[in-house]
Amino acid sequence: MKQKISLALAAAWLAATVCSAWADTFTGAGSSAAAPIYRSWGAAYEKATSNKLVYESAGSSAGVRKIKAREVGYGATDVAPTRAELEKDGLLVFPIAITGITPVVNLPRIADGQLRLNGNVLARIFMGQLSQWNAPEIAQLNPGLALPNLPIKVIVRSDGSGTTYNYTDYLAKVHPDWQAQFGVKSSIAWPAQFIAAKGSEGVSKAVRDTVGGISYVDFGYVREYQLTPVQLANATGEFLNPSSESFRTALSASDWVSSGNFTTTLTNMNRRGAWPITMGTFAIVPLVADQPQDILPALKFFAWSFMHGDELVQQSSFVRLPTRVQAAAFRIIASVKDKTGNPIGMQVTGF
């Protein structure tokens, strides 16, 4: 009840003050997977307040780098930095929403969700061990499906990516050799024959234009670029199509819900109906704002979006944060200070 009252007070404060403030332009950069949600939130926020978000979809690694250098109002990443990393650079991290990574293909006469893959076969494809779409390992998972006699053309991210980190986190959990060969990283030394593309947008275009192609993108790009998702077996052996509901089921099986701990990954959750490559996306802001005028507009944006953005989260194929995690995010926003120790984040949340 106390959380609900606090959130309601914050909503009332924002309604009374944000719309009457002078218009601000503020900046963010990072996660390309999260770009759809920032586009939708940013458009709604500008309409309501005249404050404009300029967001650069540069990849999670770039987002972290830019906020460390204080080049933007906030950084966006799909990998939460460790506590040690945050303390070293004087940063705070809080979650924004939940989404899912989707393997997508470009195969003749193969429709959405027709092709079935499991983690073992997917890992072997991305290790370069399977080279043809009609390989016996793929055919065994797809009895009755006319697989094309085409070479597999693997398309991967060329830039540092939280999507890549979560994707490799999943592959390391489902194939015993993945960890030793590639590990879990935001940037991977892929086999030389793979096709590299920058950002989720670049990968989506490359898959769309490459017959025989396969890659991994955030679910929001599947619809936008009219890509063909696969069915994927989860930890219980159930074949699923990606959906907001399957991301929500994975979330419900995680520490995020049970303990409010949002630092764990959401991949390979052992629950029926859970999409196996679910992930969170995060924002990073300074603990101490040297230039509060550069940070306050971003903090106001997040506070407003948490209050008003549930519908927009769903429209963008994301899943809203659990209430206890959203409350934790508000507390983190409220802890931002200026150089004199004045908690400027309190002005935003109304706590």
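The residue numbers shown here count from 1 along each chain, following its written sequence. Where local features are concerned, this predicted model is filtered to residues with pLDDT of at least 70; where side-chain atom pairs are given and counted, the filter is 80 or more; whole-chain, interface and lining totals use all residues. To obtain the side-chain values, all non-hydrogen atoms of the structure were included, while hydrogens and water were left out.

Visitor: Looking at this structure, how should I read the overall build of the protein?
Guide: Helix and strand assignments follow DSSP, with helices taken as H or I runs no shorter than four residues and strands as E runs no shorter than two, numbered in order from the N terminus. When you go through the protein residue by residue, the secondary structure sums to 16 helices and 15 strands. Computation of the radius of gyration draws on C-alpha atoms, with the globule rule given as 2.2 Å multiplied by the number of residues to the power 0.38. For the protein, whose C-alpha radius of gyration is 21 Å, the value lies close to the compact-globule estimate of 20 Å for 351 residues. A principal-axis box enclosing the C-alpha atoms of the protein has dimensions of 65 × 40 × 35 Å. Going through the 351 residues of the protein one by one, you find that 57% of them count as buried. The contacts of the protein with a sequence gap of at least 6 include a subset with a gap of at least 24, amounting to 76%. When the accessible surface of the protein is split by element, carbon and sulfur atoms take 51% of a total near 14,400 Å². Charged-residue counts in this description rest on Lys and Arg as positive and Asp and Glu as negative, His and the chain ends being excluded. Charged side chains are reduced to one point each, which is NZ for Lys, CZ for Arg, CG for Asp and CD for Glu. Distance between charge centres in the protein, computed from 31 positive and 25 negative side chains, equals 2 Å. Partly exposed residues are those whose accessible area sits between 20% and 50% of the maximum for their type, while under 20% is buried and over 50% is exposed, using a 1.4 Å probe and protein chains only. In what follows, residue pairs with any heavy atoms lying within 4.5 Å of each other are defined as contacts. Method for areas: the Shrake-Rupley scheme with a 1.4 Å probe, in which residue coverage is limited to the protein chains shown.

Visitor: Even after reading the chapter, I still don't get the sheet that holds strand 10 (residues 231–233), so can you show me in this structure?
Guide: In a beta sheet, neighbouring strands are held together by backbone hydrogen bonds and run either parallel or antiparallel to one another. Pairing between two strands is assigned when DSSP locates at least 2 bridges connecting them. Spatial strand order, 5-10-11: 3 strands in an open sheet with mixed pairing. Lying at the two open borders of the sheet, with one neighbouring strand each, are strand 5 (116–117) and strand 11 (239–240). Bridge analysis of strand 5 against strand 10 gives 2 bridges, and the strand direction is parallel. The residue of strand 10 that forms the bridge with Leu117 is Leu232.

Visitor: Looking at this model, I keep getting lost on the environment of Leu321. Mind explaining?
Guide: In this fold, Leu321 is placed in the loop between helix 14 (310–315) and helix 15 (323–334). Looking at Leu321, the relative accessible area reads 1%, which means it is buried. Distance from Leu321 to Pro95, taken between C-alpha atoms, is 7.7 Å for residues 226 residues apart in sequence. Other than its neighbours up to four places away in sequence, Leu321 contacts Pro95, Ile96, Ala97, Ile98, Trp256, Phe306 and Gln326.

Visitor: Is there a simple way to explain the packing of helix 5 (residues 119–126) against helix 7 (residues 162–174) in this structure?
Guide: To describe two helices that pack against each other, one gives the angle between their axes and the distance between the axes. Angles run from 0 to 180 degrees between N-to-C directions of axes, and those axes are lines fitted to C-alpha atoms, restricted for helices to the stretch in contact. Where helix 5 contacts helix 7, the axes come no closer than 9 Å and their chain directions differ by 120°. In the packing of helix 5 onto helix 7, the handedness of the crossing is left-handed. Here helix 5 contributes Gly119, Leu122, Ala123 and Phe126 to the contact with helix 7, which in turn contributes Tyr167, Tyr170, Leu171 and Val174. Side-chain classes follow a simple rule in which Ala, Val, Leu, Ile, Met, Phe, Trp, Tyr, Cys and Pro form the nonpolar group, Asp, Glu, Lys and Arg form the charged group, and the remainder, Gly included, forms the polar group. Looking at the contact of helix 5 with helix 7, its residues break down into 7 nonpolar, 1 polar and no charged. Put simply, a crossing is left-handed when the front helix is turned counterclockwise from the back one by less than a right angle, and right-handed when it is turned clockwise.

Visitor: I would appreciate a short explanation of the environment of Ala274 in the present structure.
Guide: Tracing the sequence through the fold places Ala274 in the loop between strand 12 (266–267) and strand 13 (277–286). Spatially, the C-alpha atoms of Ala274 and Gly220 are 18 Å apart, while their sequence positions differ by 54 residues. For Ala274, the residues in contact, after removing those within four places along its chain, are Asn234, Leu240, Ser246, Thr249, Ala250 and Met269.

Visitor: Would you take a moment to explain the pairing of strand 3 (residues 74–77) for this structure?
Guide: If a strand is regular, its side chains alternate between the two faces of the sheet. The alternating pattern of strand 3 places Tyr74 and Ala76 on one face and Gly75 and Thr77 on the opposite face, and all of these are buried. For strand 1 (residues 25–30) and strand 3, the ladder comprises 3 bridges, and the chain directions are parallel. By the bridge assignment, Ala29 is partnered in strand 3 with Gly75. In this sheet, strand 13 lies alongside strand 3 in antiparallel orientation, the contact comprising 3 bridges. Bridge pairing in strand 13 links Gly75 to Ile284.

Visitor: What exactly am I supposed to notice about the pairing of strand 6 (residues 153–157) here?
Guide: The buried count for strand 6 comes to 4 of 5 residues, which makes it a mostly enclosed element. The pairing of strand 6 with strand 8 (residues 213–218) spans 2 bridges and is classified as parallel. By the bridge assignment, Val154 is partnered in strand 8 with Ile214. By the bridge criterion, 3 bridges tie strand 6 to strand 7 (residues 195–197) in an arrangement that is parallel. Within strand 7, the residue paired with Arg157 across the bridge is Ala197.

Visitor: Sorry, what's going on with unusual backbone geometry here?
Guide: Here the phi dihedral of Arg109 falls at roughly 60°; this positive angle occurs in a residue that is not glycine. Inspection of the secondary structure assignment puts Arg109 in the loop between strand 4 (91–106) and strand 5.

Visitor: Hey, could you run me through the pattern of salt bridges in this one?
Guide: Salt bridge, as used here: a side-chain nitrogen of Lys or Arg that lies within 4 Å of a carboxyl oxygen of Asp or Glu. In this structure the tally under the stated criterion is 12 salt bridges. For Arg157, the salt bridge is made with Asp159, and the minimal N-O distance between the two is 2.9 Å. This pair shows no difference in class: Arg157 is buried, exactly as Asp159 is. For the salt bridge of Arg248 with Glu245, the shortest nitrogen-to-oxygen distance reads 3.0 Å. Remark: Glu245 and Arg248 occur in helix 11 (residues 244–252); sequence separation between them is 3 residues, near one turn of the helix. Exposure remark for Arg248: the relative accessible area of 31% places this residue in the partly exposed category. For Glu245, a relative accessible area of 47% puts it in the partly exposed group. A single network of salt bridges, built from pairs that share partners, joins Glu56, Lys66 and Glu71.

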